[in-house]
Amino acid sequence: MRAATDLIDRRSFLKMAGAAWVASLAPDRAFALARADAVFASAFMAQDGSYGVATLTEAGEIIDRTALPARAHGMAYSPVTRRAVAFARRPGTYAMILATDGRVEPVVIAAAEGRHFYGHGCFSADGKLLYATENDFATNRGMVGIYDGTNKFARIGEFPTYGIGPHDMTLTADGRLLAIANGGIETHPDFGRTKLNLDHMEPSLTLVDTATGALVQKHGLPDDLSRLSTRHVDIGPKGEIWFACQYEGARNDLPPLVGSFTEGEDLKFLSLPEDTTEALANYVGAIAVNRNEGLIGLTSPKGNVAVTLDARTGAVLKEERVADAAGVAAADHGFAVSSYDGRFKNSQSRVAWDQHIVRLDRR
Amino acid sequence: MPHLRKLALALALSTFALPAVAQEGSALSPRVVNEAAVPTVMAKAVEAFIIPGYRNLTEKAAAANAATAKLCAAPSQPALETAQGAFSDLVGAWSAIEIVRLGPALEQNRFERFLFYPDRKSTGLKQVQAILSKKDESATDEARLKGKSVAAQGLGALEYVLYGTGAETLLSKEGDFRCRYGLAITKNLDTIANEFLAAWQKPDGVQAAWKHPGPDNPEFRDSREAATELLGILVHGVETVKDQRLKPFYEGTDDKGRPKLAIYWRSGNTMASIAGNVRGLKTLFDVADMQSLLPEDSRSVAGSADFVFKSVIGMAGNIDGPIDQALADENKRAKLAFLSLNTNDLLDRLNKDFGGAIGLGAGFSFADGD
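Predicted, not measured: the structure shown is a model, and the values here were computed from it. (Residues numbered from 1 in each chain as written. Chains lettered and ligands numbered in written order. Predicted model: local features only at pLDDT ≥ 70, side-chain atom pairs only at ≥ 80, totals over all residues.)

Participant: Just give me the short version of the overall build of chain B, but keep the residues and values in it.
Facilitator: Looking only at helices and strands, one finds 15 helices and zero strands in chain B. Looking at the 370 residues of chain B, the share that counts as buried comes to 47%. Restricting to contacts in chain B with at least 6 residues of sequence separation, those with at least 24 account for 78%. (Helix = DSSP H or I, 4+ residues; strand = E, 2+ residues; numbered from the N terminus. Buried ≥ 20, exposed ≤ 12 C-beta atoms within 10 Å, placed from the backbone. Contact = placed C-beta atoms within 7 Å.)

Laid out in structure tokens, this is it:
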């Protein structure tokens, strides 16, 4: 039954995506994405309103792009299989997996019946499995969909995120657990992107065992921070999990926006200087860790700012004004920051970069 | 109307062909939000649109309550027709102001309690039918009704009472329970409408936040954030019409349609409500003087938006009669196709053209909670 359903989904998906887009998957286009100097990938909207994913050099220059049928959001990369994935933005229904070394054609997967993607996910340590945050919208439960990279990314199972409105998710340093940011906001595809429960949000951070799907640890937020949506995560230099938040409460509150935790420990919020919290406009759009240099990078499109923190002390090292700041990823030194108006590091392209950048790390 | 089909086709070509040939480059000169103009626009939005819109809603809810009370006291065909007319007037008032889906509308589930839609799995319908068949007296008491499912206490439930299976019992005392349930719903809607109005009229409440963006403001720290919220009403309003009101029952020329998924299909208010939504958006655009946010060299953007606004409103208002009959009528289907294309066009005019010209650009719809 499952296979049949997936087939139907894929067919209707391809119908939705349109012939022009399918044609763009012809090998000569798709394989051109692969270049040895590709360092980053990010989703974008072109000036004509079409969507795609691009690979970029260390300097932020576009190497090549592949068209996507609808807007994408987050990306992930497996250094083992050298595959990258772009997830449709919530409440999206597709994800495209690209081979960054060009050995195989891109694979498109469609969300299962009764599920949609939230825009983020990650690969297992061996690169064989892909995990995606998904919404079981009939019951309003966050789910992790599991896809088999050795079999055309067929959906082979799922387990709960143990929270509602999961968004970003990453694998812990030992590859054993998934660290999941359950943003706590209820949405339903019938109502588009409308947030349905702002007066009773349930944000949480969970650690889930990839082998069993069991909950290892769950951190809710205190009542006075119930409107603080925990949304993005990355792994720190010592394996700690860093998280960044978006606040849905009063605009003149000054909630903590960033924190970290490790397995078996409580959440630790960073106490940022008031002017940095204000500069971030209560909204961190993306977080990245430069593990080599021990740095945390944050961007806020609402505050038009990119902030660099010391991962050890939490001190603010740099606060740079970036109009429409979008994605952030570790660079050779510091961070690569992109913007909605086409800036990527010091390069300028005629696209609107989406909210996230993935580093195609070849190590 | 072959000309209409030609027109629809021409529009389809222009909508879909243009992006393909558009060249990258020729980027607009940098646009910035006209900060000085924003507070006046926000004040006008509150004073000339939101508060009058909710005041109108309270009046129509009170009228529906009075008409239903008369029907219950003395059932008759004229009394039923008056109550049904009052329901349609209430739908009209709601359709104009429901576009303001923020602030007080998001608190205490007020929006969903007023209107629960879509009801794809008929959850609401089943609850309403259960109340009617069991004659659940607790549903005739406003205070207890409020504690029931949001789907059993709003416009959808009232529509079923007045138009659904068994509505003819309202013509006699046989429909006494049904009528008293309907009456409790109208009271509930009246209460919610008054809560909306009170929240917006409170001098130091949400209206103060809208009128005076600034560092201590609980809603907007600056004029740019305020302008973003206002543009958001327009863009999300058109998206809602497109994705949540039209698409459920009609997806395009090849779609036979699903009339029973259409909003207000029982009372025949589907297209009037859709026209009302877009008329509400246009009224907000006009009375708040949103075109004053445009730089001098881009004032024509407002003109083109106005043209498409009028086209959508005119076409939606032009598709009359029950929606199942419209879906079976070739001429009306052509109008629906035209309406769908125009709605997509309107979204682009507001999101990309207007949003870009007033300095919000792509960032507007990008940074909305991801």
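There's more to say after this.
Participant: Describe the overall build of chain A, naming the residues involved and giving the relevant values.
Facilitator: Of regular secondary structure, chain A possesses four helices and 28 strands. The 363 residues of chain A split such that 51% are buried. Expressed as a percentage of contacts within chain A between residues at least 6 apart in sequence, the contacts between residues at least 24 apart total 49%.

Participant: I'd like a rundown of the interface of chain A and chain B, residues and numbers included.
Facilitator: Taken residue by residue, the interface counts 31 residues in chain A and 29 residues in chain B. Every element with two or more residues in the side of chain A that touches chain B is listed here: strand S1 (40-46) and strand S28 (351-359) of chain A. Partitioned by chemical class, the residues of the side of chain A that touches chain B number eight nonpolar, 11 polar and 12 charged. (Nonpolar A, V, L, I, M, F, W, Y, C, P; charged D, E, K, R; others polar.)

Participant: An account of the packing of helix H10 (residues 223-246) of chain B against helix H11 (residues 270-287) of chain B is needed here, citing residue identities and associated values.
Facilitator: Residue and element names in this part refer to chain B. Two elements in contact, H10 and H11, have axes separated by 10 Å at closest approach and are oriented at 170°. In terms of their interaxial angle, H10 and H11 are classed as roughly antiparallel. Residues Ile233, Leu234, Gly237, Val238, Val241, Arg245 and Leu246 of H10 form the contact with H11, whose participating residues are Ile274, Asn277, Val278, Leu281, Leu284 and Phe285. Each residue belonging to the contact of H10 with H11 can be placed in one class, and the counts come to 10 nonpolar, two polar and one charged. (Axes fitted to C-alpha atoms, helices over the stretch in contact; angles between N-to-C directions. Parallel < 35°, antiparallel > 145°, perpendicular 65-115°, else oblique.)

Participant: For the nonpolar core, give the residues involved together with the corresponding values.
Facilitator: The biggest cluster of nonpolar side chains holds 114 residues, and the ones touching the most others in it are Ala45, Leu90, Trp94, Val278, Val312 and Ala316 of chain B. Both domain 1 (2-11 + 33-39 + 210-366) and domain 2 (51-207) of chain B contribute no fewer than three residues apiece to this core. Judged by nonpolar contacts, the second largest core, of 99 residues, contains Leu130, Leu178, Leu225 and Val351 of chain A. (Core = buried A, V, L, I, M, F, W, Y, C linked by C-beta atoms within 7 Å. Domains from an automatic or database assignment.)

Participant: Residue-level account of the sheet that holds S28 of chain A, with values.
Facilitator: Neighbouring strands of a sheet are bound in pairs by backbone hydrogen bonds; such pairs are parallel or else antiparallel. All names here are of chain A. Judged by pairing direction, the sheet is antiparallel, and its four strands sit side by side in the order S3-S2-S1-S28 without closing on themselves. Each edge of the open sheet is held by one strand with a lone partner, namely strand S3 (62-68) and S28. Going across the sheet, the axis of each strand differs from the next one's by a mean of 25°, ignoring polarity. Two elements, S1 and S28, share six bridges in a ladder whose sense is antiparallel. (Pairing = 2+ DSSP bridges.)

Participant: If you had to explain the pairing of strand S2 (residues 51-56) of chain A to someone new, which residues and values would you point to?
Facilitator: All names here are of chain A. Judged by how many residues are buried, S2 sits mostly within the fold: six of six residues are covered. The pairing of S1 with S2 spans six bridges and is antiparallel. Each residue of the ladder has a partner; that of alanine 41, found in S2, is threonine 55. Between S1 and S2, which follow one another and run antiparallel, lie four residues, and glycine 49 among them has a positive phi close to 90°. Where S2 meets S3, six bridges bridge the pair, whose relative direction is antiparallel. Bridge pairing links tyrosine 51 to leucine 68 in S3. If you look at the hairpin formed by S2 and S3, you'll find five residues sitting between the two strands, and glycine 60 has a positive phi there, around 90°.

Participant: Any details on the domain arrangement of chain B? Residues and values, ideally.
Facilitator: Residues and elements named next belong to chain B. Domain boundaries in chain B define domain 1 (2-11 + 33-39 + 210-366) and domain 2 (51-207). Computed from C-alpha atoms alone, the centre-to-centre distance between domain 1 and domain 2 is 26 Å. Facing 21 residues of domain 1, the contacting portion of domain 2 comprises 19 residues. Elements with a minimum of two residues in the side of domain 1 that touches domain 2: helix H9 (206-211), H10 and H11. It is H11 that contributes the most residues to the side of domain 1 that touches domain 2, eight residues altogether. A class-by-class count of the residues in the side of domain 1 that touches domain 2 yields eight nonpolar, nine polar and four charged.

Participant: Give me the confidence of the model for chain B: which residues, what numbers.
Facilitator: All names here are of chain B. Across chain B, the average pLDDT comes to 90, with 90% of residues at 70 or higher. A low-confidence stretch, residues 1-29 stays under pLDDT 50, and its non-local contacts, those more than four residues away or across chains, total 27 contacts. Model confidence for the complex is summarised by a pTM of 0.84, with the ipTM given as 0.76. (pLDDT = per-residue confidence, 0-100.)

Participant: Got a sec to walk through unusual backbone geometry? Specific residues and values, please.
Facilitator: For the bond running from arginine 90 of chain A to proline 91 of chain A, omega is -5°, close enough to zero to count as cis. Among the structural elements, proline 91 of chain A can be located in the loop between strand S5 (83-88) and strand S6 (94-99). A cis geometry characterises the amide bond from tyrosine 117 of chain B onward to proline 118 of chain B, with omega recorded as 0°. Within the secondary structure, proline 118 of chain B is located in the loop between helix H4 (110-114) and helix H5 (123-134). One non-glycine residue, arginine 82 of chain A, lies in the positive phi region at around 55°. Within the fold, arginine 82 of chain A resides in the loop between strand S4 (72-78) and S5. The backbone phi angle of asparagine 109 of chain B is positive, close to 55°, even though this residue is not glycine. Within the secondary structure layout, asparagine 109 of chain B lies in the loop between helix H3 (77-97) and H4.

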